[in-house]
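Geometric and topological summary
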Amino acid sequence: MSAYTRQAMALLFDRTAKTYDALGVDFFSAFARELLDRVRLAPGERVLDVGCGRGAVLFPAAERVGPGGSVLGIDLSSAMIKRTEQDIEDRGLDNASVSLMDAQEPMLADAAFDVLLASFVVFFLPDPVAGLRSWHRLLVPGGRVGVTTFGADDPRWAAVREVFKPFVPPELAWTMAIRAGLFATVETFGQAVESAGFTGVTSVERVYPVKFADPGHWITWSWSHGQRMFWELVPEDRLDAVRQAVLAELEPLREPDGSVVLAQTVRYTLAHRG
């Protein structure tokens, strides 16, 4: 990913910040809860939340480490940081803070954290292994890292993804393949984590049914996070046609109550700094 694309990604998430994870779908928050359960945060620990967004991981992590611990969230989106900073202030939290920072090369001291958490971030990095190496140095010896990535796509939704494919230029082809390469399987990603210096790498995959009230609800929600990128690649004079095409593909997937359900596979990877 070029510097330009990195900046474009920051601006994309600036535009999603207002409604990110806030449209009646238990998505990032649900995955954050399981990540924290698996990492087993302890009171008093120092936590770094990489790509903190609107705080799906940050806020429950702050609760778990308690007043004797701390959580620092970093994000490349200034709008995310601004809104999350306000949320921290509104909640009166003394053990949580946020900072505008690049996830691949955090400008932070070595061995400053007991735990590093990265929820759906690593596949956005220009060089994921370099990013993992930089995260490794931030942990104390024996420190823990917990990463979530997406697993296999729901095959029933393949036709929806195909609707957007003609509008994705070659330089953004990687956005259509974040489950390929290093992220293709549990084994390939585990090897990447090990190559960055981590030990004791374990991964588990879980499938979650993500429910949307109706096809239109999915479209509204999809504008509120990274999927927005694909909508914005569609020329304005084609947007309505693409919207109708997506609705047509989702219509056969409706449940008896009119809802549509996405089977979302999530991979949880844990490791230690040796």
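In what follows, the structure referred to is the one given above.
So, here is what we can say about the structure in this document. For clarity, every value in this text was computed on a predicted model and none was experimentally measured.

The rules behind the values
Residues numbered from 1 in each chain as written. Predicted model: local features only at pLDDT ≥ 70, side-chain atom pairs only at ≥ 80, totals over all residues. Heavy atoms only, no water. Helix = DSSP H or I, 4+ residues; strand = E, 2+ residues; numbered from the N terminus. Contact = heavy atoms within 4.5 Å. Areas by Shrake-Rupley, 256 points an atom, 1.4 Å probe, with all protein chains shown as cover. Lys, Arg positive; Asp, Glu negative; His and termini not counted. Charge placed at Lys NZ, Arg CZ, Asp CG, Glu CD. Pairing = 2+ DSSP bridges. Axes fitted to C-alpha atoms, helices over the stretch in contact; angles between N-to-C directions. Phe/Tyr/Trp six-rings, centres within 6.5 Å; stacked < 30°, edge-to-face > 60°. Buried < 20%, exposed > 50% of the residue type's maximum accessible area, 1.4 Å probe, protein only. Lys NZ or Arg CZ within 6 Å of the ring centre and 35° of its normal. 1 Å grid on protein atoms, 1.4 Å probe; cavity = no way out; pocket = protein on both sides within 12 Å on 5 of 7 lines; lining within 4 Å. Points joined across faces, edges and corners; volume = space filled by probe spheres on them. Nonpolar A, V, L, I, M, F, W, Y, C, P; charged D, E, K, R; others polar.

**Overview of the overall build of the protein**
In terms of regular secondary structure, the protein is built from ten helices and seven strands. When its C-alpha atoms are laid out on the principal axes, the protein stretches across 55 × 40 × 40 Å. Partitioning the contacts of the protein with sequence separation of at least 6, the portion at a separation of at least 24 is 81%. Carbon and sulfur atoms provide 54% of the accessible area of the protein, an area that totals close to 12300 Å². Here the protein contributes 27 positively and 35 negatively charged side chains, and the mean placements of these two sets differ by 2 Å.

**So, the sheet that holds strand β5 (residues 139-150)**
Taken in spatial order, the seven strands make up an open sheet running β3-β2-β1-β4-β5-β7-β6, and their pairing is mixed. Each end of this open sheet is capped by a strand with a single partner; those strands are β3 (96-100) and β6 (198-212). When the angles between neighbouring strand axes are averaged without regard to direction, this sheet yields 20 degrees. For β5 and strand β7 (residues 260-273), the ladder comprises seven bridges, and the chain directions are antiparallel. If you follow Val-147 over to β7, its bridge partner there is Thr-269. In the packing of helix α2 (residues 28-39) onto the sheet, contacts are made with β4 (113-119), β5, β6 and β7, and the angle to β7 comes to roughly 30 degrees. Across the sheet, helix α3 (residues 58-65) touches β1 (46-50), β2 (70-75) and β3, and the angle it forms with β2 is around 165 degrees.

**A closer look at the packing of aromatic side chains**
This structure, assessed with the given rule, holds 18 aromatic pairs. Taken together, a centroid distance of 6.3 Å and an interplanar angle of 55 degrees make the contact between Trp-157 and Phe-212 tilted. Taken as a pair, Trp-157 in the loop between β5 and α6 (158-164) and Phe-212 in strand β6 lie far apart in primary sequence, 55 residues in all. The pair Trp-157 / Phe-212 is uniform in exposure class, with both members buried. Between Phe-164 and Phe-230, the ring centres sit 6.4 Å apart and the planes meet at 55 degrees, which makes this aromatic pair tilted. Separated by 66 residues along the polypeptide, Phe-164 in helix α6 and Phe-230 in helix α9 (residues 228-232) bring together distant segments of the chain. Each member of the pair, Phe-164 together with Phe-230, is buried. Sitting above the plane of the Tyr-268 ring, Arg-38 keeps its charged end 5.5 Å from the centroid.

**Considerations on the layout of surface pockets**
Of the voids in this model, the second largest pocket is the one considered here, and its volume is about 220 Å³. Forming the walls of the second largest pocket are eleven residues, and the residues nearest its centre are Thr-5, Ala-8, Leu-172, Met-229 and Leu-233. Of all the elements in the fold, those that place two or more residues in the lining of the second largest pocket are α1 (3-16) and α9. Looking at side-chain class alone, the lining of the second largest pocket contains seven nonpolar, one polar and three charged residues.

**Digging into unusual backbone geometry**
For Ala-111, which is not glycine, the phi torsion reads 55 degrees and is therefore positive. For Ala-111, the position within the fold is in the loop between β3 and β4. Judged by its relative accessible area of 32%, Ala-111 is partly exposed. Even without being a glycine, Phe-120 presents a positive backbone phi close to 55 degrees.

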